[in-house]
Structure formats: C-alpha cells, structure tokens
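Analysis of the macromolecular model
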Amino acid sequence: MSSRALVLLVPFLVITAFWLMARYESKLGHDPTHKSYWERNGTVLGIAFIALVAFWTLFLVTLPYLYMVVESFHPRLPPAQRGGPNDFLTIAQYKSFIVSPTDGEWNWIHMGNFTYTIVVSAAVTFLNLCICYPLAYYMAQSGSAQKVRLLMLALIVPYWINEILRAFAVRLLIASKGLINQALMGSGITDVPIDFLGSNTGMWIGLSYANLLIMIFPLYNAIESLDKNQIEAARDLGAPWWKIHRDVVIPYAKPGIASGCTMVFMLAAGSLAAPLFLSGPQQRWFTMTVYDFFFQAFNWPRGSAYAFILLAACITFVMLVLKLFKVKLGEAIR
Amino acid sequence: MKSSAVMKGMLGFYIVLFFLYLFGPLMVMSVTAFNTPSYPQALPFEGFTLQWFEKLWNHRLMMEGLLNSIIIGLGVVTISVPIGLAASIIMNQIYHRARSLFYLVTISPLLTPGVIIGISTVIFWKDAFGLTDWSKATFYKGIVLSILGQASFVSAYCLLIIMARLTRFDRAQEEAALDLGASYPQVFWHVLLPFLKPAMLSASVIAFLSSFENFNTTTFAILADKTLVTVLAGETRQGTTPALSALAVIIIAISLVGAITYELLKRREEAAAERMKERARLAERGELEQA
Amino acid sequence: MSAGVELDHVTVKFGNFTAVNDATLDIRSGEFFSFLGPSGCGKTTILRTVSGFLDPTAGSVRIGGQDMQGIGANKRPTALIFQNLALFPLMTVAENIAYGLRVRGVDKMARRKKADELLDLIALKGQGDKLVSELSGGQKQRVAIARALAVEPKVLLLDEPLSALDLKLRQHMRNELRAIQQRVGITFIYITHDQGEALTMSDRIAVMSDGVIEQVADGKMVYDKPQTPFVASFVGENNPFPGTVSKATATGAVVDTAFGPLAGLNPNGLKVGDKAILFVRPETLKLGKGAAATSFTTEVESVAFEGNMTHVFLKGAAKKNITVTVGRHGGVKMPAQGDRANVHYDEAYGLVLPEGKMARE
C-alpha cells in the first residue's frame, strides 16, 4: 500500500483506540446517569450528527492536513509517474529549504524570507497589542454604556471590509501619488515622494491595519469581566496607574491577550493580500514563496513542505504564547 | 486634579488617533470613488462623478465573481452551520478522554493560516475526486473546492458561536420535556433547537460574510474559477482604478446599513424584554398583596 | 388515577460515592409524602431515581406495583416539578401547560381546551397567551404544577419547588399545594430541607441523612418520637445530654451526664453501660426546682426576649448552650445573665437514644 493511503488510516486508528477505551471503561463500573449515545439522540439524529462531524473532522480537517504532509515527503513528479517506482519517500523538499538543490549553496533567500516573515509578524502583533490595549481598556472599564455601544458599532463596520480593499485603501494613502506624499511635498518637508511601498513600510502598516480588530475584541472581552472594584481598591491603596495595569489588569486579561496575539500572529504570518499589494521587491513574504511554488513553479511537494514549515512555526508560536501567559488553549480560543 | 485632566485629554487624543487610523484610509478611498481622475486620488477633488460605479456594474468578470461568491457563501452556510451544531452537541457527549483531542482538531483550522488550508484542500481533493473520471468531472471544480476549504474553518467559527450558547442551556429544560413524555429527538426539535436558533442565525451571517470576503484559502481552492475577491485581487495587482474604490464604498454602505439595522433590532428586543420584566414585577406585587 | 411507589433496597452510587444506601420504603397511593433532610443527604437522588433520570446501582423502584427497570423518564407515570421550575421560556403559558399533550400527539384544539381548564384550576384564567417571563414567581410556580398535572400523572414529584419564592408567598403556597393535592387525589412526593414545609403539608415524612433513611413516620411522630439522634437534632430544636446509661427499665432509662444522672423514656430498650444521648426539647424544659432525676443547675449565659416567647441560654457541658424556651405566660421570674438557674423537666419529655450522628448546626 502506498504511503499516501496508509497515512489516511491514522485518524481511524485513533478513533478505534478511543472507542475501545470507552467500551472497556463502561464495563468497569455502573454510572447511574449514563444514557447511551443512541438513546440520547435517537437513530436519525444520532447518525446525522456523527456523519456531519466525521465529514468535517476527517475529510475537511485531518485528512487534508495529513495528506499535505505526506505530499511534502515525496519528490516532484509528472502525474504519470505518481505511484510508480520513482515515487519514494524523501526529505529532499525540506532539505531544499536549507540547501538550494540547484547549486548546493545555503538557501539564504528562503530562510531569509521565513525569518523576516516570523520576525515582522511578531513585531506587528506586539504593535497591535500596544495600539489596541488602551482602547480596549477604556471601552471595558471607563466608558459609559452608551459610548461603548457606539464605539463597538464603529469597530464592527470596518471589520467587514475585506482584506484586499483594506490593503488597497492603505496603498492609496501611501502611494507616491497618495495623500500622505502630497501633504509631505506640499508642506515642503520633502521634494521627491517617499517610497513607502518599496521600503516595505506599506506592508507593515497594511498588516497592522488589517488585523487591528482581531486584537481588540478578545482584549475587550477579557477586560470587560474584570470587577471594577478591584481597580478601585488598587487605586485606593495608592497604586499608580501603570502599577494597576501591571499587577491587576494585565494578569487578569491574560487569556484575552494570548487569544488576540495568537490570532494576529497567525493571520499576519499567513497573510497574502498585504504582502501581495503593499510590499517592495527586495524582501518577499514567506506565503508568497509558497504561492509561487504552486502557481509558477508547479512544484506541489516543495510548496507543501514550505507550507508545513510555516504551519509548524505558527504552532510553535501559539504554544510559546500560551506557555508564556500560562493560559490553556480552551481559554484562549472561545 | 490636574493630572487626571491631562490623562483625560491624552485619552481623548488617543481615541481620535485610533479611529483616524481605522477610518482614515477608508474615507480617503471613498472620496476617490467619486472623483473624476482615472488615477484614484482624493485631492484635489476635480469633479463629482458616478462613472466608476457604472464601470463596476459593467465589469463582467466582477459580476461573474460576485455570483460565484454568493453561491460559495450559501454553500458554506448550508454545510457549516449544521456541522457546527452537530459538533457542539457531540462535544458534550463525546467520551471524556477524547474530548480535548476532539476540541483541538475542531479548532485547529482557526490556528492554521488560510493559505495552508487552501493548499491541503486542493492536494487532498485532487486525488480523492481523481479516483474516478466521473467524480473528477463532476466535483473537481473551483466552486466545490472553495466550499470545502472554507467550510473547514468556518465550521469552527460556527461551533464556537453555537457552543457558547449551548453552555448556557439549562439541562433541567431537557429533563422537563423528557419527564412530560417527549422523546429525545422531540426534545431536540421542540426545546434545544429553538433555544439555539439565535446563535445559529448569527453563525449563518458570520459564515456567509467570512466566506464572502475570504481570500487566502479561496485563491488556492478556486482553481481556474473566480470569486469577487479573487477578481478584486487580480485588478488590484494590475493597477489602481477608482472602480475598486467604488466597490469598497458599496461594501461599506452595506455593512453600515447592516450594523445599524442590527443595533436597532437589538434595542427593540431589549425594550420588549424590559416590558416583560416590568409586567412580571407588577404581577409579583399584586400577588404579595393577595397572600 | 393514583399509584403508590415502592423502593426496594435501592442503592445509587456515583463512582465511589454512595448517594443513597439501601433505601426501602413504601409510599401509599394518594399520600402526600415528604423526604426531609439537609442538602446532600440523597433526597434529590431518590426523586431522580423514581422519575427515571437515574438508574439505581442496586435494588428496584416499583410504581403501582410495576417494576420500572429499563423504563425511561419519558415513559413513567410520574411528573416532576423542578427546583427552578424549568418552564420553557420560548413557549407561551398555554403551550407550556399543553406540552405533554403535544408530544402525545393530541390535536391543537383539545390541547388548548385542556390548557384552559388547568389555567382555571390554578387561577390564571385568560392568561394562556402570556409569555413565562411576564409572570410572577408564584404564577410561574402554578404554571409548573399545571404543566405537570396536564399529563395526568399517577405520581407527582416536587423538588423543593418553593425555595425560590418570597417567604410570605411560600406560606401561602403550602396551603395551595396541599389543597391541590386533595383535589386531584394523586400521590405527591415532596423533597425539602425545610422542616416547616414537611411538617405542615405531609401525611408522612422520611427523614434522610447521608444517603440513609433515618425514620419514616407522620409529622407528629417525627417530632415527638424521633428514633435516632439525627432526627431528634434535625427536626426542631433539641438539647442533647450525652452520657452512659446507668439504670434501665422496660420504659425508662437514666443517663449519667455532665449534669449528673438524668432520666427519660427508653423506646430503643438501651441497657446499662450503653453510650446514649438524652434529648429534651427547649419548650419542655422549665425553670425552677424539680425531682432529682429530672433537674439540674447551671449558669445563665444570656437571655433573648422574642415577644411571644423568651429563650434562656444556659451553659452546657461542651461548648454548646442549653436552650430553655419560656412561653409568655410561664409565670416565672426571668433570671439574669450570670445567675445560677435550676432547670427541670417532665420525665415523659426526656428521650434516651443510642449514641449516633447528629445534625450539623
């Protein structure tokens, strides 16, 4: 059996293992509250629930992911040779990320792109946290109900403008003929337009701008449930405002901060629109490299390997943030 | 106190800056939609025109893309909302040792970059549908793959939205219905589903909007087809035209109308709930006087 | 139609925790029967086992003589009033009441007719189209009862249904519940931790503690002739005098307590040398000198005047005070704090019980 088919068995093995465990455990002791799944849902609904959830978790989530990972361990072959004798397992695609397969030199370009993507995404995440925290705090703790509603409404409207139009809006503003350069030149600060796009400043702004609201809602939700009396108490004890935030608000808002940071990082690192329309030619975003393997080089195995590297980086970042804030995954994603 | 006045001033200044950052680009873009020059410029304003909207209307690709976007959006809603509902119910009933793994699997699409979901969808279904010629000819299409790819993470949104409401469900309601003779399926249709309806409605709206505006997953999964967003991306790449601004103005207007309608509906609902409470209070008082 | 309920050696275990331990009980048809006990004593578990939400780990439940093993909650001839009532918030009052008929396939017209009849019974005529959220606490209570009665159960189970109500209303609802029970004539099984409710409404009461049924009797018996120290200390106020039996006859016994030998009835036939507790209720203790075997002397800790009666708190053997309740026309001079006081009682009001677990304060 080919490796591609074998890996598809993995989820089924996991399910069987859990099923056997559950059977064994139910035999061990009587549970007075126990009702069997079929008793609780009826046959028709029971089958429908399982079918829907199985379709989703198997065919839309686990199997495609596993399949992509397996694909990344195969050589690039024309369709006719797939499954043939040349279709063996290999780590060549991952090696190509470090050592270029064409000249045997270090693959600085791709490793550079990757590092750049991770570092900039982390920086954008931090930037957005700083921008959003004061507003989230104000809305959650000191704004009047009426004002907060209005602010919420004002936040929700731009939330639904899609990524591309947002990038487009930023571009109009900072392009060489854009409003900002017009203003700068008009006031005589500079004679030639500043190339915000070429220097990647545009992309930074675009990434921050596109994910601003992703940060603010989890922060707001977390801070909102903090009891106002706690802050009052700290203030009565004479704590200065920054100490109140450091010792009371931020520790309490941890799950919200973790949630906002993981989401913003993931969306920034995986972003395609802002880099596509706002970046300069020197430094490419890692998703664009992946994109090119699929649409220009038609090298799916290598694209898969690169995608998996990106995914691994995202997972590592999420784990790191959760560990740093000592938050469980279930608390962060709600 | 003086320092608190300074703080207040700074806070006000900051809020203004924040919303300037949030709305500034959108406002500038909106202005360019009504300005005559063919390069989208806000200033100088050379003359009011609606020609860019007309151009948008006559843009055949965009209209085709729009139609596809709507089809995909509806497809995603039809798949994802039932999946989210089923998964939230299974989450409560699944074998307790398997629950955390199940949870991890269901929310993993939210932690996966959209491009990766798109890539894995294409790679997997190309081979899966490729097993027979018939399935390849029928299903290996951009629209189908986009629905599948988007449903993967949209279902997770739906799960979270529906589960949030489900945790507030009073189990005694289920038991009360059972005790009165209802079968479990009857409890589901008569008691649980009506309770979850508001959450399912908002899940539907969120599902459609997320699908409609998705780019990262769709750009891979759509293959040779197009959606409004992928057409938009192509146009933006090629160059800048005020027609794109015009489209943005339309989307902003729709969101604005939607948000305001939602707010009004919510206020009406709250007022109705308040009236009910008032009546209950009156009844309470009358009863105490009687007793 | 009404039916009796029999518990036959029912045990319910959650993992290692035994919620109900070997309960055997015969509830007669048409009876108003209460389970009384502190929270966590297992009374709710019994109720849920009768209604079918729990399967007993051992033993069986019979309703009207029929074994309920394997019969689900929705197939049993019982109806349950939940502690929080569990009315359906999205249905109208009439829809709530007629829900049991709806799932039985009764058509809309007949359902509405039945709902209107029951609305009449609970004095909510013409309010069927209201939503539940428009009703007061007492009205919701009555709707919950009507909803349960609509399915014509043989046994009605009530899980502390009055606990959410205002105190004044609770008194009122007690009478109403009792009246409804007498009108419909079916078995009521009532769960409560409030002894006032149990004593006023019930034909018989089962007092429970830690999963065990301590005593089953009518209210007067439970109060006057408690069988265990738990019942004696849980139902009503009581003064315990622990000690060892020093003299025993067929009817009476003397216990050597911290205040010397004190006598009382000996219903359990304790023998000399047994560890025992003598119980004397505050209202049967009297100030003043009496016979040697039924009187003692101690110091007054405090005096609390309550209008219709006065509580005199005396220094007890352990940290616990002894309470003497003196009625308005007791005709005795009240002692002051710090005085020495003589206390006596009638031997018939002293009760000697074997040593055992007492109710927590």
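Residues numbered from 1 in each chain as written. Chains lettered and ligands numbered in written order. Predicted model: local features only at pLDDT ≥ 70, side-chain atom pairs only at ≥ 80, totals over all residues. Heavy atoms only, no water.

**Quick look at the overall build of chain A**
Short version of the rule: A helix here means a DSSP run of H or I that spans at least four residues, while a strand means a run of E at least two residues long, and both kinds are numbered starting from the N terminus. When a residue's accessible area, from a 1.4 Å probe over protein chains only, is under 20% of the maximum for its type it is buried; when over 50% it is exposed; and in between it is partly exposed. In what follows, a contact means two residues having at least one pair of non-hydrogen atoms within 4.5 Å. Charge counting treats Lys and Arg as positive and Asp and Glu as negative, with His and both chain ends excluded. Throughout, a charge is located at the NZ atom of Lys, the CZ atom of Arg, the CG atom of Asp or the CD atom of Glu.
In terms of regular secondary structure, chain A is built from 17 helices and 0 strands. Here chain A, with 334 residues, has 50% of them falling under the buried criterion. Excluding contacts between residues fewer than 6 apart, the proportion of contacts in chain A whose partners are at least 24 apart in sequence is 66%. Taking the 24 positively charged and 17 negatively charged side chains of chain A as two groups, their mean positions are separated by 3 Å.

**Side note on the packing of aromatic side chains**
For clarity, the threshold we go by: Working definition: a ring pair exists when centres of Phe, Tyr or Trp rings (six-membered ring for Trp) sit within 6.5 Å. Plane angles under 30 degrees give stacked, over 60 give edge-to-face, the rest tilted. We count a charge as sitting over a ring when the NZ of a lysine or the CZ of an arginine lies within 6 Å of the ring centre and within 35 degrees of the ring normal.
All chains considered together, the criterion is met by 45 aromatic pairs over all chains. Look at Phe 88 of chain C and Tyr 99 of chain C: their rings are 5.1 Å apart centre to centre, the planes differ by 65°, and that puts the pair in the edge-to-face class. On the criterion of sequence distance, the pair formed by Phe 88 of chain C in the loop between β6 (78-81) and α2 (93-97) and Tyr 99 of chain C in helix α3 (residues 99-102) is long-range, its members being 11 residues apart. Here Phe 88 of chain C matches Tyr 99 of chain C in class, with each residue buried. What links up through ring pairs into an aromatic cluster is the set Phe 55, Phe 59 and Tyr 67 of chain A together with Phe 124, Trp 125, Phe 129, Trp 134 and Phe 139 of chain B. Over the face of the ring belonging to Tyr 140 of chain B we find Lys 136 of chain B, whose NZ or CZ atom lies 6.0 Å from the ring centre. Taking the ring centre of Phe 195 of chain B as reference, the NZ or CZ of Arg 165 of chain B above it sits at 4.1 Å.

**Observations concerning the environment of Asp 292 of chain A**
Residues and elements named next belong to chain A. Its place among the elements puts Asp 292 in helix α15 (residues 286-295). The spatial distance from the C-alpha of Asp 292 to the C-alpha of Gly 303 is 8.1 Å, given a sequence separation of 11 residues. In this view, Asp 292 contacts Arg 284, Ala 297 and Phe 298; residues no more than four positions away in its chain are not counted.

**A word on the interface of chain C and chain A**
What counts here: Buried area is a sum: the accessible area each of two parts loses on coming together, probed at 1.4 Å, counted once for each and added. Note on definitions: salt bridges are taken to be side-chain nitrogens of Lys or Arg within 4 Å of carboxyl oxygens of Asp or Glu. N or O atoms within 3.5 Å of each other form a polar contact, as long as, within protein, one can give a hydrogen and the other can take it, and as long as residues adjacent in sequence are counted only when both atoms are side-chain atoms.
The interface is formed by 9 residues belonging to chain C together with 5 residues belonging to chain A. Here chain C packs against chain A, burying approximately 500 Å² in sum over the two surfaces, 55% of which is carbon and sulfur. In this structure, the connection of chain C to chain A is made through 0 salt bridges. Between chain C and chain A we count 1 residue pair in polar contact (both at pLDDT 80 or more) in total.

**Quick look at the packing of helix α2 (residues 9-28) of chain A against helix α4 (residues 43-72) of chain A**
All names here are of chain A. Under the convention used in this document: Fitting a line to C-alpha atoms yields each axis, with helices limited to the stretch in contact; the angle taken between N-to-C directions then spans 0 to 180 degrees. Throughout, the term roughly parallel applies to angles under 35 degrees, roughly antiparallel to angles over 145, roughly perpendicular to angles from 65 to 115, and oblique to all others. Polar here means any residue outside two lists: the nonpolar Ala, Val, Leu, Ile, Met, Phe, Trp, Tyr, Cys and Pro, and the charged Asp, Glu, Lys and Arg; Gly therefore counts as polar.
Relative orientation of the contacting elements α2 and α4 amounts to 120°, with a least axis distance of 9 Å. For the element pair α2 / α4, the angle class is oblique. For the pair α2 and α4, the contacting residues are Val 10, Pro 11, Phe 12 and Ile 15 in the first and Leu 58, Thr 62, Leu 63 and Leu 66 in the second. Taken together, the residues that form the contact of α2 with α4 break down as 7 nonpolar, 1 polar and no charged.

**With respect to the interface of chain B and chain A**
When the parts come together, some accessible area is lost, and that loss is often what is quoted as the size of the interface. Taken together, the contact between chain B and chain A spans 96 residues of the former and 93 residues of the latter. Here chain B and chain A share an interface that buries about 8800 Å² over both sides, 77% of which is from carbon and sulfur atoms. The largest per-residue losses of area from chain B upon contact with chain A belong to Tyr 21, Leu 111 and Phe 124 of chain B, which jointly make up 8% of the total buried on that side. Put simply, chain B and chain A have 3 salt bridges between them. Across the salt bridge formed by Glu 263 of chain B and Arg 149 of chain A, the nearest N and O atoms sit 2.7 Å from each other.

**Quick look at the pairing of strand β11 (residues 239-248) of chain C**
All names here are of chain C. Counted only if it meets this: Should DSSP find at least two bridges between two strands, the strands are regarded as paired.
Two elements, β11 and strand β14 (residues 275-280), share 6 bridges in a ladder whose sense is antiparallel. Across the sheet, the residue bridging to Gly 243 is Ala 276, located in β14. Direction of pairing for β11 relative to strand β12 (residues 252-257): antiparallel, over a ladder of 4 bridges. Bridge pairing in β12 links Thr 244 to Asp 256. Linking β11 back to β12 in an antiparallel pair, the connection comprises 3 residues.

**Some words on the packing of α4 of chain A against helix α3 (residues 60-93) of chain B**
Between α4 of chain A and α3 of chain B, the shortest axis-to-axis distance is 8 Å and the interhelical angle comes to 105°. Looking at the two axes, α4 of chain A sits roughly perpendicular to α3 of chain B. From α4 of chain A, Phe 49, Ile 50, Leu 52, Val 53, Phe 55 and Trp 56 of chain A reach across to α3 of chain B, where they touch Pro 82, Ile 83, Ala 86, Ala 87, Ile 89 and Ile 90 of chain B. Each residue belonging to the contact of α4 of chain A with α3 of chain B can be placed in one class, and the counts come to 12 nonpolar, no polar and no charged.

**With respect to the side chain of Arg 178 of chain C**
Along the chain, Arg 178 of chain C turns up in helix α6 (residues 167-184). With near-sequence residues (within four places) excluded, Arg 178 of chain C lies in contact with Phe 32, Met 201, Ser 202 and Asp 203 of chain C.

**Examining the sheet that holds strand β15 (residues 286-287) of chain C**
All names here are of chain C. What the 5 strands build is an open sheet, ordered β15-β19-β16-β17-β18; its pairing is antiparallel. Every other strand in the sheet has two partners, leaving β15 and β18 (322-327) as the edge strands with one partner each. Pairing between strand β16 (residues 295-305) and strand β17 (residues 309-314): 5 bridges, direction antiparallel. Among the inter-strand pairings, Phe 305 is bridged to a residue of β17, identified as Thr 310.

**Comments concerning the nonpolar core**
Rule in force here: Remark: nonpolar core denotes a set of buried residues (Ala, Val, Leu, Ile, Met, Phe, Trp, Tyr, Cys) joined through side-chain atoms within 4.5 Å.
Formed by 261 residues in total, the largest nonpolar core has its most connected members in Phe 18 of chain B together with Phe 35 of chain C. In terms of residues, this core owes the most to one element, helix α7 (residues 142-166) of chain B, which gives 14 residues. If we skip the residues at most four places from it in the chain, Phe 18 of chain B touches Ile 131, Cys 132, Leu 135, Leu 155, Leu 212 and Ile 216 of chain A.

**Observations concerning the domain arrangement of chain A**
All names here are of chain A. Cut-off, in case you're wondering: For every domain, the bounds stem from an assignment made automatically or drawn from a database.
Taken domain by domain, chain A holds domain 1 (3-72) and domain 2 (108-332). A separation of 36 Å is found between the C-alpha centroids of domain 1 and domain 2. Summed over both partners, the interface of domain 1 with domain 2 buries about 470 Å², with 79% contributed by carbon and sulfur atoms. Where domain 1 packs against domain 2, one counts 0 salt bridges. On the surface where domain 1 and domain 2 come into contact, there are 0 residue pairs in polar contact (both at pLDDT 80 or more). A breakdown of the residues in the side of domain 1 that touches domain 2 according to their chemical character gives 2 nonpolar, 1 polar and 1 charged.

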